[in-house]
Amino acid sequence: MASVRVCFLLPVSVIYCILLIIMAIVETHGVSFDYIRRDEEGNVSAINRALDDVDISVEKGEFIAILGGNGSGKSTLAKHINAILYPTEGYVLVDGKNTADEANTLTVRQKAGMIFQNPDNQIVGSIVEEDVGFGPENMGIPSENIWERVEEALKILGMWEYRKHSPMRLSGGQKQRVAIAGVVAMHPECIIMDEPTAMLDPVGRKDVIRAARALNDVEKVTIILITHYMEEVVYADRVFVMQDGKVKMTGTPKEIFSQVEELQELRLNIPQPTRLAYELKKRGLSRLPDGILTEKELVTELCRSYSTM
Ligand SMILES: Nc1ncnc2c1ncn2[C@@H]1O[C@H](COP(=O)(O)OP(=O)(O)OP(=O)(O)O)[C@@H](O)[C@H]1O
Ligand SMILES: [Mg+2]
């Protein structure tokens, strides 16, 4: 009898593990959100629908980029994933947990950490290592484990040698990496980065994106990156394009950037090599494939299709 039970239980637990592995880390189901403005008497004076029936699913370990013009709803969506805002309609699941259930708020915020545009607003400690330890401390992690986590996070972000520095004396890119280390120290499954490089110089931008890619590649952290910089989108597994609170396009960077005219209609920047390839194609180089993303790819394709050698 016992062996029958073991035989039955084993496959169930294996199936459960497989389900956990392939389960989406973030799902939104028909999510709409209204910003409601009230007058002094508390009456509704304006309703602004910032999200409109958004259905997305992000698998564990994916690198997602979210594009969209100003006011298209990107930050509002990000705040829903981090349980800062709750849907007016529909629901959001983070690792299967409904964000609108107050009992899930801490778990949701620990599973899906968030990085904002301005690193200065995210730094709370006066010394780098203290700042990074703040999150795990708030989670009630025992102090010996906090220091392990701080060391691990600072090493992953390449900021270990700055552990005794004052964050305020660091460059913008370094500060942003300290802020990311602070989230990493909470061992999230997913990090949502809302234009993390918008206030940085080109060197800082590169460092932060390299760090995000390493977190995804090596540590298998799911990354959801909101950005206006097209060169940062190239590395994504999938891209969501938003307009007027809706997800208008979904696909790999190649699929998305093959649709140059649709992107132009949405008034989005297009990577320079993609635009050049598109213009060359329109002017007769018809053998060039769609969706060229990098200079290197463009040169390779030009040589392959048009070399006389
Ligand atoms: N606190 C707020 N109160 C009222 N309306 C808001 C508020 N925050 C955002 N909105 C509105 O909601 C819509 C979506 O804004 P959101 O900030 O999510 O866009 P976004 O895509 O992040 O834009 P950006 O690229 O400028 O950061 C816009 O119409 C915006 O004006
Ligand atoms: Mg925004």
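Residues numbered from 1 in each chain as written. Chains lettered and ligands numbered in written order. Predicted model: local features only at pLDDT ≥ 70, side-chain atom pairs only at ≥ 80, totals over all residues.

Q: Explain the overall build of the chain here, please?
A: Across its full length, the chain carries 12 helices and 10 strands. Referenced to the eigenvectors of the C-alpha coordinate spread, the extents of the chain come out at roughly 70 × 70 × 45 Å. Taken over 309 residues, the chain has a buried fraction of 39%. Contacts in the chain between residues far apart in sequence, at least 24 positions, make up 64% of those at least 6 positions apart. (Helix = DSSP H or I, 4+ residues; strand = E, 2+ residues; numbered from the N terminus. Buried ≥ 20, exposed ≤ 12 C-beta atoms within 10 Å, placed from the backbone. Contact = placed C-beta atoms within 7 Å.)

Q: What am I meant to see in the sheet that holds strand β2 (residues 44–59) here?
A: By definition, the strands of a sheet pair up through backbone hydrogen bonds, in either a parallel or an antiparallel sense. Across the sheet, which stays open at both edges, the four strands sit in the order β2-β1-β4-β5 with antiparallel pairing between neighbours. The strands lining the two open edges of the sheet, one partner per strand, are β2 and β5 (97–98). Here strand β4 (residues 89–94) runs beside β5; their pairing, made up of two bridges, is antiparallel. Each bridged residue has a counterpart across the sheet, and for Val 94 the counterpart in β5 is Lys 97. Across the sheet, helix α2 (residues 74–81) is in contact with β1 (24–38), β2 and β4; its angle to β1 comes to roughly 120°. (Pairing = 2+ DSSP bridges. Axes fitted to C-alpha atoms, helices over the stretch in contact; angles between N-to-C directions.)

Q: Looking at this structure, I do not really get helix α12 (residues 295–306). What am I missing?
A: Quick reminder: α-helices carry 3.6 residues per turn. Residues three or four places apart thus point the same way. End to end, α12 covers 16 Å across 12 residues, agreeing with the expected 16 Å (1.5 Å per residue, within 8%). The buried fraction of α12 amounts to zero of the 12 residues, a small share that puts the element mostly on the outside. (Expected span 1.5 Å × (residues − 1).)

Q: Explain the site of ligand 1 here, please?
A: Taken together, Tyr 35, Asn 48, Ala 50, Gly 68, Asn 70, Gly 71, Ser 72, Gly 73, Lys 74, Ser 75 and Thr 76 are the residues near ligand 1. Considering each element in turn, the shell around ligand 1 owes the most residues, three residues, to α2. The residue makeup of the shell around ligand 1, split by class, is two nonpolar, eight polar and one charged. (Near = placed C-beta within 6 Å. Nonpolar A, V, L, I, M, F, W, Y, C, P; charged D, E, K, R; others polar.)

Q: What is the right way to read the domain arrangement of the chain from this model?
A: The accessible area lost on association of the parts is a frequent measure of interface size. Domain assignment breaks the chain into domain 1 (20–35 + 47–270) and domain 2 (271–309). Put simply, the middle of domain 1 and the middle of domain 2, counted by C-alpha atoms, are 33 Å apart. On the domain 2 side, the residues contacting the 10 residues of domain 1 number eight residues. Of all the secondary structure elements, the ones that give two or more residues to the side of domain 1 that touches domain 2 are α8 (230–233) and α9 (253–257). (Domains from an automatic or database assignment.)

Q: So what exactly am I meant to see when it comes to the packing of helix α11 (residues 272–282) against α12 here?
A: Each pair of packed helices can be summarised by the angle the axes make with each other and by the distance between the axes. Interhelical geometry of α11 versus α12 gives an angle of 30° and a closest axis separation of 8 Å. Regarding the angle of α11 to α12, the classification is roughly parallel. Contact with α11, carried on its side by Pro 273, Leu 276 and Ala 277, involves Glu 295, Glu 297 and Leu 298 of α12 and no other residues of that element. Considered class by class, the residues forming the contact of α11 with α12 number four nonpolar, no polar and two charged. (Parallel < 35°, antiparallel > 145°, perpendicular 65-115°, else oblique.)

Q: What is the right way to look at unusual backbone geometry in this model?
A: Note: most residues except glycine have negative phi, and most peptide bonds are trans. Positioned with a positive phi, Asp 53 is a non-glycine residue whose angle comes to about 55°. Note on placement: Asp 53 falls in strand β2. Among the residues examined, Asp 53 registers 15 C-beta atoms within 10 Å and is labelled partly exposed. For Lys 220, which is not glycine, the phi torsion reads 60° and is therefore positive. On the secondary structure map, Lys 220 appears in the loop between α7 (202–217) and β8 (222–226).

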